[in-house]
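One letter stands for each residue in the lines below.
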Amino acid sequence: MTTQRLLVLNAGSSSIKFAVYERAPDPGALVTGQVENITAAARLIMRPADGKAETIALGQTDHVAALQEIMTHAVIPTGDGAIAGVGHRIAHGGLEFTEPTRIDETVVAKLKTLEPLAPLHQPHNLAAVAASHRVFPDAVQIACFDTAFHRGHPWVNDTFAIPRSYYDKGVRRYGFHGLSYDYVTDKLQSIAPDIATGRVIIAHLGNGASMCAVKDGRSIASTMGFSALDGLPMGTRCGQLDPGVLLYLLEHEGMSTAEITALLYKESGLKGISCLSNDMRELEASSDPAAKEAIDYFVFRIRREVGAMAAVLGGIDAIVFCGGIGENSATIRANVCEDMDWLGLQVDASANAKNALRINAGTVPILVIPTDEERVIARALVAALPSD
Ligand code: AMP
């Protein structure tokens, strides 16, 4: 009997990240990787779970061709099974989609109407859905949403203080990175069930960054709101910004909405402040004062949110770091927790330097949990597939 494979896709404007799984109750990835630089000199990077990473030059390509290359190089070599299901990471599920959802034409049409709410993610996510239907016409296709984890959050964290009619039209605080928070809260249940039912702050610190206040496994508050711009500063995104700045840019700098969009999504954050890079490793290695200021701003905003979330939760039982920076930067974790004894937070320098699972020296657990959004999607896919 052939083993069936599952494919998880996370598509951006010029890249498709993927993970291939065997169909199993809680599958581990056989291969992960990405096609980068689609539309120019694309390359396929593959990281087999049990082998050496490999890069293949592809030349100019598009989403359909990129998926065919993934099929040829990454899926077939892992075994002789066909793709039984494809799971898509979709940025925005709006008000309606709060669970993994089987994709059909009606669902795609509804998700398209949400494109203005996530202009830099949703159109590319949906381009991959269309390409995937062409390349894998017989596979079950599901959508998993970054907003879904937050949909049950309290009304006060769902609204803005603008006239109510906008709330009714869907101008709300949706929150993102939900698949990451889902993974971490699930992981807590197995490694620290006492913490999983408590008051936890999760800091997802990567190129995109946000924080979530979680109580008994449910989102209470998050730093991202209507769009993936709000909250913490990110690699190239601004984070929280006084709306008066937007008015100023429109009225006095004469900027168009397209220019402002590019400024806030692509030229701001760590890159904008440092004038150097969006990459935390480069900033940490730099002696440029502007690089240090960018890091200082990043840490300052995280610390503010720790305080705010502790207030919202009525105290904290644990803080969890994840994402590329959260999982790997001992410096950022130490700086975030510095002088936070008043919250019971104290870092054990030696455990922190090793990126250990538990890095606290004080009473409140400080955990480092590598996140795995793809795995959350793979699990949802397994649940969605019809039984043999
Ligand atoms: P992500 O978007 O989750 O892949 O995270 C990307 C970010 O993680 C980039 O800013 C990287 O510089 C950062 N990062 C990865 N490894 C390290 C490390 N060892 N130290 C500091 N930052 C890191």
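Residues numbered from 1 in each chain as written. Predicted model: local features only at pLDDT ≥ 70, side-chain atom pairs only at ≥ 80, totals over all residues. Heavy atoms only, no water.

## Quick word on unusual backbone geometry
The phi angle at Asn37 is positive, at roughly 60 degrees, despite the residue not being glycine. Along the polypeptide, Asn37 turns up in the loop between β3 (29–36) and β4 (42–48). Given a relative accessible area of 32%, Asn37 falls into the partly exposed group. Residue Asn355 is not a glycine yet carries a positive backbone phi of 55 degrees. Within the fold, Asn355 resides in the loop between α14 (349–353) and β13 (366–368). (Helix = DSSP H or I, 4+ residues; strand = E, 2+ residues; numbered from the N terminus. Buried < 20%, exposed > 50% of the residue type's maximum accessible area, 1.4 Å probe, protein only.)

## Focus: the site of the ligand
Taken together, Gly206, Asn207, Asn278, Asp279, Met280, Arg281, Glu284, Gly323, Gly324, Ile325, Asn328 and Ser329 make up all the residues around the ligand. With respect to the ligand, the backbone of Met280 contributes an N or O atom lying 3.0 Å from an oxygen atom. Separating an oxygen atom of the ligand from a backbone N or O atom of Gly324 is a distance of 2.8 Å. Burial of the ligand by the surrounding chains reaches 71%, relative to a free accessible area of 500 Å². Looking at the shell around the ligand, the elements with two or more residues in it are α10 (280–285) and α12 (323–328). Considering each element in turn, the shell around the ligand owes the most residues, 4 residues, to α12. (Near = heavy atom within 4 Å. Polar contact = N/O pair within 3.5 Å; in protein donor to acceptor, adjacent residues only side chain to side chain. Areas by Shrake-Rupley, 256 points an atom, 1.4 Å probe, with all protein chains shown as cover.)

## What about the pairing of strand β12 (residues 318–322)?
β12 sits mainly inside the fold: 5 of its 5 residues count as buried. Neither face of β12 is exposed, since Ala318, Val320 and Cys322 on one face and Ile319 and Phe321 on the opposite face are all buried. Relative to β12, strand β9 (residues 199–205) runs parallel, the two being bridged by 5 bridges. Across the sheet, His204 pairs through a bridge with Cys322, a residue of β12. Of the pairings in the sheet, the one linking β12 to β13 comprises 3 bridges and is parallel in character. Counted as the bridge partner of Val320 is Leu367 from β13. (Pairing = 2+ DSSP bridges.)

On their own, these measurements won't tell you what the molecule is for.
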